[in-house]
Amino acid sequence: MSKYTIDSIGLGALLAQRRFGVPTYQRAFAWGSGEGRDEVEDFWNDLLEAFESKSDEAYFLGTVVLSENSDYVETDTVISRSFIIDGQQRLTTTFLLLLAVRDAFKQRDDNRSSDIEQQYIASRDLRTRQVESRLQLGATDNEYLQTLIEGSPKPLDRQAPPSHKLLAKGLNFLKAKVEEDAANAGAAWAARLVDWVEFIHERALVITVTVPTESDAFLIFETLNDRGIDLTIADLTKNYIFSRAGGRLSECHERWIATTSYIEQATGTGSKFTDFLRYYFTSQQGSTREREIFVRVKNRKLTTAADAVAFSDELKMAARAYSRLLGADPTYWPSIHPEAASYVEALRILEVERLRPVLLAAMLKFPNAQLKALLKLAVSAAVRMRISKTAEGSKADRAISEVAQAISQGKTTKAAAVISQLGEILPSDEQFRNDFATAAVRRPSYARYYLRSLEIQNNQPRKIPEFVANPNAGELNLEHVLPQSAGAEWDSYIPRDRHTEYAYRLGNQVLLRATENKSIGNSAFAEKRPILAASSLSLTQTVGDKEDWTMEEIEARQRMLADLAIEFWKLP
């Protein structure tokens, strides 16, 4: 690695001494976007506690990794800036805090607002009066940050980028806190604000690691991680790839953005990127636990820029396949087979994540016909494994990873062969029937899926009503015949001490169209019977035909459902 320097410096002093830029591949401002915890509030509270301590001790705020002298073009002027490779969120929030202090002075017509602006925030061109900010954010945020500096932000509508809303939220929060703090100081407000500026300048310390190039900066991450600094798996993977990219960094960056976008589409937040990597490397290199992911990444031994680009391409293709597997691209599956989308939706409902390494490998290797066949069989396998609880423990991990690797290596090329190789963790028909006949199902989404599927099987070969084939929760309701909170009127049917046990048995659960469900809720069986008997669903009708609803009736119905289950979720 090229020579690098390490220094300890106050955040304010750091902003005063340098100009900063944020590389295009860095995420936008994100503090304050989580549920419950707000990092900007935490930042303020931590600083306030240290500030109030009245001690001369420094308050340490972590590490900032920078690369030297990256030229930014602003209007017609080339300005030398340091790239912020790690620490953007902390530096940006400190910048917002100093903005809040500047505005507090400005509001009171105190010219120290200009001193703070010039030292920490921005200078103005003598001729054009254009603001030249000390902090230049990425393309998404920079223009909006400039409006905050100038005090003229535009109103944000629903289409505004989330990072703009977070910047505004963060600044407004800090302005309110600074105003409150100044007001509490009374006549000494100015001295209090100056104390804050000096604290940020001198005592709010960071360790800066400055390197000549971006590639050198990415290598720093591995060292920091080895020393216990908290970096996400996504950060480590990205930085490892970028550190090997050389002159092809922009190509790797483009592919990385596409990769993370696919995962965000599939999961909503991007927080499951680690899961994607774990499933992918399990399919490629064997069973992979979360703490082993970065070891797998480094096993790729990227020695050239071409290696980095190729690996970036590989992850991009795998992420696209993974997002489709999770249902993020509804236009894709009809091109594979008209029924493929329904299999993917069933796998999403069943949440059998253990099969994902196998399915991801097949997405990347199998032709369409074999992929469709595997999806159908995977649904049957998923139901069987969930009902019989056979896909648990190290034995299942080993079997699944071996099959996934065999697919990735081109050794297993047929859907039927996949199921055969998973045989040791799949229940036999007899075991599945017995387990299904006694299963209690507490998750409504599972129960709805099971009963809808068995309704389809029970109606063969007749055409299935559209509301069964393509249901939504608002149209097709789940009803517990023996209520989950049954009253004394049910004691004559089922002993009170058995209510909970039998309420969740699948044999006690039925589907009703929303238009048929008259809010029968906790009613007695005699009141429910005519509604159930009049249902347009055949399996629900049979319950309405019963004179009584006892443990024996529930058990008998569930045995009948188990017979249907064997037929619907067949395996070769």
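Remember, predicted model here, so these are calculated numbers, not experimental data. (Residues numbered from 1 in each chain as written. Predicted model: local features only at pLDDT ≥ 70, side-chain atom pairs only at ≥ 80, totals over all residues. Heavy atoms only, no water.)

A. Summary view of the overall build of the protein chain. A count of helices and strands for the protein chain gives 26 helices and ten strands. For the protein chain, the proportion of contacts with a sequence separation of at least 24, taken over those separated by at least 6, is 72%. Per element, the accessible surface of the protein chain, about 26,500 Å² overall, is 46% carbon and sulfur. (Helix = DSSP H or I, 4+ residues; strand = E, 2+ residues; numbered from the N terminus. Contact = heavy atoms within 4.5 Å. Areas by Shrake-Rupley, 256 points an atom, 1.4 Å probe, with all protein chains shown as cover.)

B. Broad picture of the pattern of salt bridges. Counted under the stated rule, the structure contains 30 salt bridges. Across the salt bridge formed by R102 and E117, the nearest N and O atoms sit 2.8 Å from each other. Placement of the pair is R102 in helix α3 (residues 88-107) and E117 in helix α4 (residues 112-121), with a sequence separation of 15 residues. Judged by its relative accessible area of 13%, E117 falls in the buried class. With a shortest N-O distance of 3.8 Å, E553 and K546 are connected by a salt bridge. Of the residues examined, E553 reaches a relative accessible area of 24% and is grouped as partly exposed. Among the charged side chains, a network of salt bridges with common partners joins R102, D103, E117 and K175. (Salt bridge = Lys/Arg side-chain N within 4 Å of Asp/Glu carboxyl O. Buried < 20%, exposed > 50% of the residue type's maximum accessible area, 1.4 Å probe, protein only.)

C. Structural context of the pairing of strand β8 (residues 204-211). Taken across its eight residues, β8 has seven buried, putting it largely inside the fold. In this structure, strand β1 (residues 5-10) lies alongside β8, joined through six bridges in antiparallel fashion. Bridge assignment links T5 to a residue of β8, and that residue is T210. (Pairing = 2+ DSSP bridges.)

D. How the structure looks around the environment of D545. Within the element layout of this structure, D545 appears in the loop between α25 (538-544) and α26 (551-568). Each C-alpha atom of the pair D545 and L532 lies 8.2 Å from the other, and the pair is 13 residues apart in sequence. Ignoring sequence-local partners within four residues, the contact set of D545 consists of R529 and A533.

E. Focus on the confidence of the model for the protein chain. This prediction gives the protein chain a mean pLDDT of 86; 89% of its residues lie at or above 70. The secondary-structure element of the protein chain with the lowest mean pLDDT is helix α22 (residues 466-469), recorded at 50, while helix α16 (residues 356-365) shows the highest, at 97. Considering only residues more than four positions removed or in separate chains, one finds that residues 71-78, a stretch of pLDDT under 50, has 18 contacts. Here residues 225-231 is a poorly scored stretch, pLDDT under 50, and it has six contacts once near neighbours within four places are set aside; other chains count. (pLDDT = per-residue confidence, 0-100.)

F. Representation of the packing of helix α20 (residues 429-436) against α26 in the model. Two elements in contact, α20 and α26, have axes separated by 8 Å at closest approach and are oriented at 145°. By crossing handedness, the relation of α20 to α26 is classed as right-handed. Contacts between α20 and α26 involve D429, F432, R433 and F436 from the former and Q558, L561, A562, D563, A565 and I566 from the latter. Among the residues making up the contact of α20 with α26, the classes are represented as six nonpolar, one polar and three charged. (Axes fitted to C-alpha atoms, helices over the stretch in contact; angles between N-to-C directions. Left-handed = near helix turned anticlockwise from the far one by under 90°. Nonpolar A, V, L, I, M, F, W, Y, C, P; charged D, E, K, R; others polar.)

G. Representation of the side chain of S453. Structurally, S453 is set in helix α21 (residues 444-458). Residue contacts for S453: discarding those within four places in its chain leaves F568 and W569.

H. Layout of empty space enclosed by the protein. Inspection of every chain in the model, using the stated rule, returns three cavities of 30 Å³ or more. Its volume calculated, the largest cavity comes out at about 100 Å³. As for the largest cavity, its lining consists of L325, L326, V344, L347, R348, V352, L355, R356 and L359. Secondary structure elements with two or more residues in the lining of the largest cavity: α15 (340-350) and α16. (1 Å grid on protein atoms, 1.4 Å probe; cavity = no way out; pocket = protein on both sides within 12 Å on 5 of 7 lines; lining within 4 Å. Points joined across faces, edges and corners; volume = space filled by probe spheres on them.)

I. Here's a closer look at the nonpolar core. Counting residues in each nonpolar core, the largest one holds 99 residues, and the members touching the most others are L375, F436, Y450 and W569. A per-element tally of this core places helix α17 (residues 368-388) first, with eleven residues. Discounting residues that sit within four places of it in the chain, Y450 has contacts with L350, V383, R386, I387, V441, L506 and W569. (Core = buried A, V, L, I, M, F, W, Y, C linked by side-chain atoms within 4.5 Å.)

J. Molecular detail of unusual backbone geometry. Positive phi values are uncommon outside glycine, yet D109 reaches one of about 55°. Note that D109 resides in the loop between α3 and α4. One non-glycine residue with positive phi stands out, namely K301, at about 45°. Inspection of the secondary structure puts K301 in the loop between α12 (293-299) and α13 (305-325). Take K301: its relative accessible area is 58%, and that puts it in the exposed class.

K. Representation of the side chain of Q370 in the model. Following the sequence through the fold, Q370 ends up in helix α17. Discounting chain neighbours no more than four positions away, the residues touching Q370 are T413, K414 and A415.

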